[in-house]
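# Per-entry structural report
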Amino acid sequence: DAKTTQPPSMDCAEGRAANLPCNHSTISGNEYVYWYRQIHSQGPQYIIHGLKNNETNEMASLIITEDRKSSTLILPHATLRDTAVYYCIGGTYNQGGKLIFGQGTELSVKP
Amino acid sequence: NAGVTQTPKFRILKIGQSMTLQCTQDMNHNYMYWYRQDPGMGLKLIYYSVGAGITDKGEVPNGYNVSRSTTEDFPLRLELAAPSQTSVYFCASSPSDYVTDTQYFGPGTRLTVL
C-alpha cells in the first residue's frame, strides 16, 4: 500500500474552494487514490477515488498529477459542514478491501 | 435502509471484564470490517470478513475475537479488557473489495477501560 503524506491542518473561508493536497510518491501503477472524510465523532464517509484521470462527483473533484505522485482534493464551495478530517488513502482492489488510514488533514472552514 | 448500526454507543469497562460490540448492516454486503481509532489518530483495521463464516486478521487483532455467522452481523469480542483498548470502535461494510465499492461506516462505539 502506498504511504501518503498530508498536511496536519488547513483553514478555508466559507464559500471559497478548499484545496487539500496529498503526496503519494510510492504509489504503484495499480493503486487507486481514495479520499474519505470524518466529521467530528462520526464514522468516516467516502468522498471520491481515482487512478490516473481527474474525477468529479457531487461532493468534490480529484486532480491527480501526471506522474501520480501527488493529488489534490477540491471542495469547490466549502461550507461550515465541510469542517472535518480528510484522509487520502492509496490502495488496490482485491486486497480484502483494507483501507490504511493515516492521520489526515484537519480542515477548518471559517465564516 | 438503516445502513450500518452499532451498539452500544458508549461503554465503560473495568480491567479484565469482557464485552461484545455489536454491528449490523442491512445492505446485504459481503464484506465487513472492524476498526479502532485512538485519540488524534487514523483508523486501524482489527479484523475483517469477506462473507459469513470467513474472517481474517487486520493490523491490530491482539486482544479481540470476531465471528460472522450471518451476512448481517459481525460482532467484536473483547475477552480481557485492558486500558490500551480504550478507543472508538467503528464497524464498516462494503459489497465487495472491488475498487468502486466504497466502505460504509457505522456511528462508532466509544469504549473506556478503567
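Position numbers for residues start from 1 in each chain and track the written sequence from start to end. Chain labels run from A onward and ligand labels from 1 onward, assigned in the order the entries are written. Reporting in this predicted model follows two pLDDT cut-offs: at least 70 for local features of residues, and 80 or more for side-chain atom pairs to be given and counted; totals over whole chains, interfaces and linings ignore these cut-offs and use all residues. To get the side-chain values, take all heavy atoms of the structure and skip hydrogens and water.

## Considering the overall build of chain A
- Looking only at helices and strands, chain A has 0 helices and 9 strands in total.
- The helix and strand labels rest on DSSP assignments: H or I over at least four residues marks a helix, E over at least two residues marks a strand, and numbering proceeds from the N terminus. Taken from N to C terminus, the helices and strands of chain A fall in the order β-β-β-β-β-β-β-β-β.
- Based on C-alpha atoms, the radius of gyration is set beside the globule rule, defined as 2.2 Å times the residue count to the power 0.38. Computed over C-alpha atoms, the radius of gyration of chain A comes to 13 Å, within 12% of the 13 Å expected from 2.2 N^0.38 for 111 residues, which places it in the range of a compact globule.
- Projected onto its principal axes, the C-alpha coordinates of chain A cover approximately 40 × 30 × 25 Å.
- Partly exposed describes any residue whose relative accessible area lies between the buried limit of under 20% and the exposed limit of over 50%, with all areas from a 1.4 Å probe on protein chains only and scaled to the type maximum. Looking at chain A as a whole, 47% of its 111 residues qualify as buried.
- For chain A, the proportion of contacts with a sequence separation of at least 24, taken over those separated by at least 6, is 57%.
- Here chain A carries 9 positive and 10 negative side-chain charges, and the mean point of each set is 2 Å from the other. Note on contacts: a residue pair is in contact if any heavy atoms of the two residues lie within 4.5 Å. None of His or the chain ends enter the tally, which takes Lys and Arg as positive and Asp and Glu as negative. The atom standing in for a charge is NZ when the residue is Lys, CZ when it is Arg, CG when it is Asp and CD when it is Glu.

## Section: the nonpolar core
- Among the nonpolar cores identified, the biggest contains 20 residues, and Trp35(A), Leu73(A), Tyr86(A) and Leu107(A) are the most heavily contacted of them.
- Within the residue set of this core, elements represented by two or more residues are β2 (18-23), β3 (32-38), β4 (45-50), β6 (61-64), β7 (70-75), β8 (84-91) and β9 (105-110) of chain A.
- With sequence-adjacent residues up to four places away left out, Leu73(A) is seen in contact with Ala18(A), Asn19(A), Leu20(A), Trp35(A), Ile47(A), Ile48(A), Ala60(A), Ser61(A) and Tyr86(A).
- What makes a nonpolar core is a set of buried Ala, Val, Leu, Ile, Met, Phe, Trp, Tyr and Cys residues whose side-chain atoms join them at distances within 4.5 Å. Counting residues in each nonpolar core, the second largest holds 19 residues, with Cys23(B), Tyr47(B), Phe74(B) and Cys91(B) among its members.

## Regarding the state of the cysteines
Residue and element names in this part refer to chain A.
- Here, a disulfide means two cysteine sulfur atoms that sit within 2.5 Å of each other. Scanning the entire structure with this criterion turns up 2 disulfides over all chains.
- For Cys 22, the disulfide goes to Cys 88, at an S-S distance of 2.1 Å. The sign of the S-S torsion, about -80°, decides the handedness of the disulfide formed by Cys 22 and Cys 88: left-handed. With Cys 22 in strand β2 and Cys 88 in strand β8, this pair connects stretches of sequence that are 66 residues apart.

## Description of the environment of Thr26(A)
All names here are of chain A.
- Residue position: Thr 26 is located in the loop between β2 and β3.
- A relative accessible area of 52% means that Thr 26 is categorised as exposed.
- In the structure, Thr 26 is positioned 44 residues away from Ser 70 in sequence and 9.8 Å away in space, judged by C-alpha atoms.
- What qualifies as a polar contact is a pair of N or O atoms within 3.5 Å, subject to a donor-acceptor requirement within protein and to the restriction that residues adjacent in sequence count only when both atoms come from side chains. There is a polar contact of 3.3 Å between the side chain of Thr 26 and the backbone nitrogen of Lys 3.

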